[in-house]
Amino acid sequence: MNSKTKAWIVAGCGIVFSLGLIFWQLRVGHAAAINLTTEDMSLIASDQAPQTRTRLASDPSARKDFAKNVRELLAVAEEARSKSIAYRPEVKRQLDLVRAIVISQNYNQSKTGGPGAASEAEIEAFFKEPGQEEFLAQFVKDAQAHNPMMAGQQIPEEQMKDIRQQLGQVLLGARQGAAAGIDRKRGVELQIMLEQARVLASTYAQETLIPNTKATEAEINAYIAKHPELDTKQARTKAEEKRTETKDGKPEEQVHARHILIASGAQNPFGPPKSSKDQARDAVEQEKEKTLIDEIVKRQGSHITIAENFSVTMPPPQQMQEGLPPGAAPAPPPASASPAPKGKAPPGKSERK
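This one's a predicted model, so the numbers in the text were calculated from it and none came from an experiment.

### Some details on the overall build of the chain
- Counting its secondary structure elements, the chain contains 14 helices and 2 strands.
- Counting over 353 residues, the chain shows a buried share of 42%.
- Counting every atom, the chain has about 18,900 Å² of accessible surface; 54% of that belongs to carbon and sulfur.

Okay, structure coming up:
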């Protein structure tokens, strides 16, 4: 499958991993209880990348943070459901497709020595079934809606054939997997829950969280006023004073490296320097984001129970050396699953290589 086809498949799924804004049941009052036991959390952790599993296996505080992040993800997804986001036709299609992908991938993993992928003839027979061609057409429309760059494009015949083949494989695999009872395995149920939660949380984040965490000019200025180390002019003046003190023979004070980075606007050595205003904006928006998520957890968290004292098996040395993932199914949330502030790696994005 070429890169263009992959882009269509991902856009059609509507899983916005790259936004990492990292984040289910009718109204709040009617939401079903979610109880993730120690066994459930061990299953979720076992599906993480080797580096994450190593950290979780060796650090109790990392396991506690991981459980907190899972709770936040599910709480934000519950909030989205309480706003009826899950019942929009386009979102429901995304949720159904995510479920199909998880079941199909797990079914394919279970077929040791069994039949291979569906043939072209089987896929063509599948799309001749009532409603399947319409599903494919809607899939393409959804992909275009999620990626404006695809809107109005005429899909080349060869690429459309690839899309048809890949989607057919997923839908047939999901049908066969459900018939084999794959969807009733607890590990698969958890994957479906968390992947659907990502879809809901990312949609809610884009529509509500991000707009409500935008920092105003007044908030930015107030933050800088409370944190003079962010004021570039003041930082340079202080640095100049220290250079003068040194020249006068006075002992030079130890300066923390963080202050040097802040004064230079180079908080991230891996990107362009940030101005004091940009740094203040990030800090304000991160704090507003944390406050909103905490409020959501308070509203939705009463029926969400997450075990924190779960165990994690250390990955084999070979996996650590080669960076091999523990499985091919979509990974549940990594150790940071809440919506990510600007400039940070997306928490909803899998750590798999």
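### Quick word on the environment of threonine 313
- With respect to the helices and strands, the residue threonine 313 is situated in the loop between β2 (304-306) and α14 (317-322).
- Residue threonine 313 is classed as exposed on the basis of its relative accessible area, which comes to 62%.
- Separated by 260 residues in sequence, threonine 313 and arginine 53 place their C-alpha atoms 7.3 Å apart.
- For threonine 313, the residues in contact, after removing those within four places along its chain, are Arg53 and Ala57.

### Considering the pattern of salt bridges
- Inspection of the entire model under this criterion finds 16 salt bridges.
- The partner of glutamate 79 in a salt bridge is arginine 299, and the shortest N-O contact between them spans 2.6 Å. With glutamate 79 in helix α4 (residues 60-82) and arginine 299 in helix α13 (residues 276-300), the pair connects residues that are 220 residues apart, well separated along the chain.
- Owing to a relative accessible area of 3%, glutamate 79 belongs among the buried residues under this scheme.
- Linked by salt bridges that have partners in common, Asp40, Arg186 and Glu189 make up one network.

### Focus: helix α6 (residues 120-127)
- Listed in full, the buried residues belonging to α6 are Ile123, Phe126 and Phe127. Down the axis, α6 shows its buried residues gathered within 90° of arc, on one side only.
- Looking at the buried side of α6, the elements it contacts are α7 (132-146) and α8 (157-179).

### A look at the environment of phenylalanine 66
- With respect to the helices and strands, the residue phenylalanine 66 is situated in helix α4.
- Through-space distance from the C-alpha of phenylalanine 66 to that of alanine 45 is 8.8 Å; in sequence the pair is 21 residues apart.

### Quick word on the packing of aromatic side chains
- Summed over the entire model, instances satisfying the criterion amount to 2 aromatic pairs.
- Taken together, a centroid distance of 6.2 Å and an interplanar angle of 55° make the contact between phenylalanine 66 and phenylalanine 310 tilted. One end of the pair, phenylalanine 66, is in helix α4; the other, phenylalanine 310, is in the loop between β2 and α14, with 244 residues separating them in the sequence. Note on accessibility: phenylalanine 66 and phenylalanine 310 belong to one class, buried.
- In this structure, arginine 164 is placed above the aromatic ring of phenylalanine 127, and the distance from its NZ or CZ to the ring centre is 4.6 Å.

### Side note on the packing of helix α5 (residues 89-110) against α7
- Interhelical geometry of α5 versus α7 gives an angle of 110° and a closest axis separation of 11 Å. If you check the angle between α5 and α7, you find them roughly perpendicular. Listed contacts from α7 to Glu90, Arg93, Gln94 and Leu97 of α5 are Gln138, Phe139, Asp142 and His146.
- Looking at the contact of α5 with α7 residue by residue, the class counts come to 2 nonpolar, 3 polar and 3 charged.

### Some remarks on the environment of lysine 277
- Structurally, the position occupied by lysine 277 is in helix α13.
- Counting along the chain gives 53 residues from lysine 277 to isoleucine 224, while the straight-line C-alpha distance between them is 7.6 Å.
- Once residues lying within four places of it in the same chain are set aside, the contact partners of lysine 277 are Glu217, Ile220 and Ile224.

### As for the packing of helix α10 (residues 217-226) against α13
- One way to put it is that α10 packs onto α13 with a least axis distance of 9 Å and a crossing angle of 105°. Classified by the interaxial angle, the pair formed by α10 and α13 is roughly perpendicular. Seen from α10, the contacting residues are Glu217, Glu219, Ile220, Tyr223 and Ile224; seen from α13, they are Ser276, Lys277, Ala280, Arg281, Ala283, Val284 and Lys288.
- A class-by-class count of the residues in the contact of α10 with α13 yields 6 nonpolar, 1 polar and 5 charged.

What counts, and where the lines are drawn
Residues numbered from 1 in each chain as written. Predicted model: local features only at pLDDT ≥ 70, side-chain atom pairs only at ≥ 80, totals over all residues. Heavy atoms only, no water. Helix = DSSP H or I, 4+ residues; strand = E, 2+ residues; numbered from the N terminus. Buried < 20%, exposed > 50% of the residue type's maximum accessible area, 1.4 Å probe, protein only. Areas by Shrake-Rupley, 256 points an atom, 1.4 Å probe, with all protein chains shown as cover. Contact = heavy atoms within 4.5 Å. Salt bridge = Lys/Arg side-chain N within 4 Å of Asp/Glu carboxyl O. Arc of directions from axis to C-beta. Phe/Tyr/Trp six-rings, centres within 6.5 Å; stacked < 30°, edge-to-face > 60°. Lys NZ or Arg CZ within 6 Å of the ring centre and 35° of its normal. Axes fitted to C-alpha atoms, helices over the stretch in contact; angles between N-to-C directions. Parallel < 35°, antiparallel > 145°, perpendicular 65-115°, else oblique. Nonpolar A, V, L, I, M, F, W, Y, C, P; charged D, E, K, R; others polar.

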